[in-house]
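Single-letter residue listing:
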Amino acid sequence: GNSVTQMEGPVTLSEEAFLTINCTYTATGYPSLFWYVQYPGEGLQLLLKATKADDKGSNKGFEATYRKETTSFHLEKGSVQVSDSAVYFCALSENTGRRALTFGSGTRLQVQP
Amino acid sequence: NAGVTQTPKFQVLKTGQSMTLQCAQDMNHEYMSWYRQDPGMGLRLIHYSVGAGITDQGEVPNGYNVSRSTTEDFPLRLLSAAPSQTSVYFCASSYGSVANTGELFFGEGSRLTVL
């Protein structure tokens, strides 16, 4: 079946540092890929998405590129802020059948001033 | 704009008790779903619905029942709670095929503890 693997956290960075959170996936067919963010005490919200190979999703300074050859969708940001502290989830869609999202286990990011 | 509303936010149950987690959305979304979030395991799909009167099982449906009598509401029932059901539960909805849009709108979560 489909699965998503993320790097374990927590990831602790200083403000203005460069961020990379790794995400790889296993899927049949051609899934769409997503990053969700969960701020403390809140539900998840969509951060960015890519629906086909080589697409780049971007939002709020975050970027991720859909790499079919390496089955990866790594999240990057050039300069993190304290307000980026949250848990980040990589996810993929099942384009047939259940119409659900498969989530990774999440990576907690802590940004220190 | 309320979005997805879940109640209660916190609940403590004893083993064997029953309860219902409520979920309501005011966005006229056809698709609604329930996930549970456990440490180190991400979110796992319990049940979902693609419209009123239609429900289906997700990845971890055992011990849970759902119904969808209206577009707005999608309650999750625990008939006989077990400690393994201690978790944070999220309701989420979508306006179209989640496979295409990927945009699920989540509630704030319900933290359930079963003693």
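As a reminder, the structure under discussion sits directly above these lines.
What counts as what
Residues numbered from 1 in each chain as written. Chains lettered and ligands numbered in written order. Predicted model: local features only at pLDDT ≥ 70, side-chain atom pairs only at ≥ 80, totals over all residues. Heavy atoms only, no water. Pairing = 2+ DSSP bridges. Helix = DSSP H or I, 4+ residues; strand = E, 2+ residues; numbered from the N terminus. Axes fitted to C-alpha atoms, helices over the stretch in contact; angles between N-to-C directions. Buried < 20%, exposed > 50% of the residue type's maximum accessible area, 1.4 Å probe, protein only. Contact = heavy atoms within 4.5 Å. 1 Å grid on protein atoms, 1.4 Å probe; cavity = no way out; pocket = protein on both sides within 12 Å on 5 of 7 lines; lining within 4 Å. Points joined across faces, edges and corners; volume = space filled by probe spheres on them. Nonpolar A, V, L, I, M, F, W, Y, C, P; charged D, E, K, R; others polar.

Visitor: I'm lost on the sheet that holds strand E7 (residues 64-66) of chain B in this one. Help?
Guide: Two orientations exist for strands paired in a sheet by backbone hydrogen bonds: parallel and antiparallel. All names here are of chain B. Spatially, four strands are ordered E1-E3-E8-E7 in an open sheet, and the strand pairing comes out antiparallel. Where the open sheet ends on each side, the last strands, each with one partner, are strand E1 (4-7) and E7. Each strand axis lies, on average, 20° off the axis of its neighbour in the sheet, ignoring direction. The pairing of E7 with strand E8 (residues 76-78) spans three bridges and is classified as antiparallel. Counterpart to tyrosine 64 in the pairing with E8 is leucine 78.

Visitor: Help me understand the sheet that holds strand E8 (residues 62-65) of chain A in this model?
Guide: Residues and elements named next belong to chain A. Pairing in this open sheet of four strands is antiparallel, and the strands run E3-E9-E8-E7 from one edge to the other. Only two strands of the sheet have a single neighbouring strand rather than two, namely strand E3 (19-21) and strand E7 (56-59). When strand polarity is set aside, the average angle formed by the axes of neighbouring strands in this sheet is 15°. Sheet topology places E8 next to strand E9 (residues 75-77); three bridges connect them, and they run antiparallel. Counterpart to alanine 64 in the pairing with E9 is leucine 75.

Visitor: What should I look at first to understand the environment of Thr55(B) in this one?
Guide: Residues and elements named next belong to chain B. By secondary structure assignment, the location of threonine 55 is in strand E6 (residues 54-57). The exposure class of threonine 55 is partly exposed, given its relative accessible area of 36%. Taking the C-alpha atoms as reference points, threonine 55 and methionine 32, 23 residues apart in sequence, are found 9.2 Å from one another. Excluding its chain neighbours within four sequence positions, the residues that come into contact with threonine 55 are Tyr48, Ser49, Val66, Ser67, Arg68 and Phe74.

Visitor: Sorry if this is basic, but what is going on with the environment of Leu13(B) here?
Guide: Residues and elements named next belong to chain B. Within the element layout of this structure, leucine 13 appears in strand E2 (residues 10-13). Sequence separation between leucine 13 and valine 60 is 47 residues, and the spatial gap between their C-alpha atoms is 20 Å. In contact with leucine 13, not counting residues within four places along its chain, are Ser18, Met19, Ala81, Leu112, Thr113, Val114 and Leu115.

Visitor: Whenever I open this one, the layout of surface pockets confuses me. Can you help?
Guide: Rolled over the atoms, a probe as big as a water molecule pinpoints where empty space is left. Of the voids in this model, the largest pocket is the one considered here, and its volume is about 720 Å³. In this structure, the largest pocket is lined by 34 residues; those nearest its centre are Gln38(A), Arg108(A), Gln37(B), Val88(B) and Arg111(B). For the lining of the largest pocket, the secondary structure elements donating two or more residues are strand E10 (86-93) and strand E12 (107-112) of chain A together with strand E4 (31-38), strand E9 (87-94) and strand E11 (110-114) of chain B. Looking at the lining of the largest pocket, the element that brings in the most residues is E11(B), giving four residues. The residue inventory of the lining of the largest pocket, partitioned by class, reads 13 nonpolar, 14 polar and seven charged. Here the second largest pocket is characterised by a volume of approximately 230 Å³. For the second largest pocket, the lining is made up of 14 residues, of which Gly43(A), Leu44(A), Gln45(A), Phe106(B) and Gly107(B) are closest to its centre.

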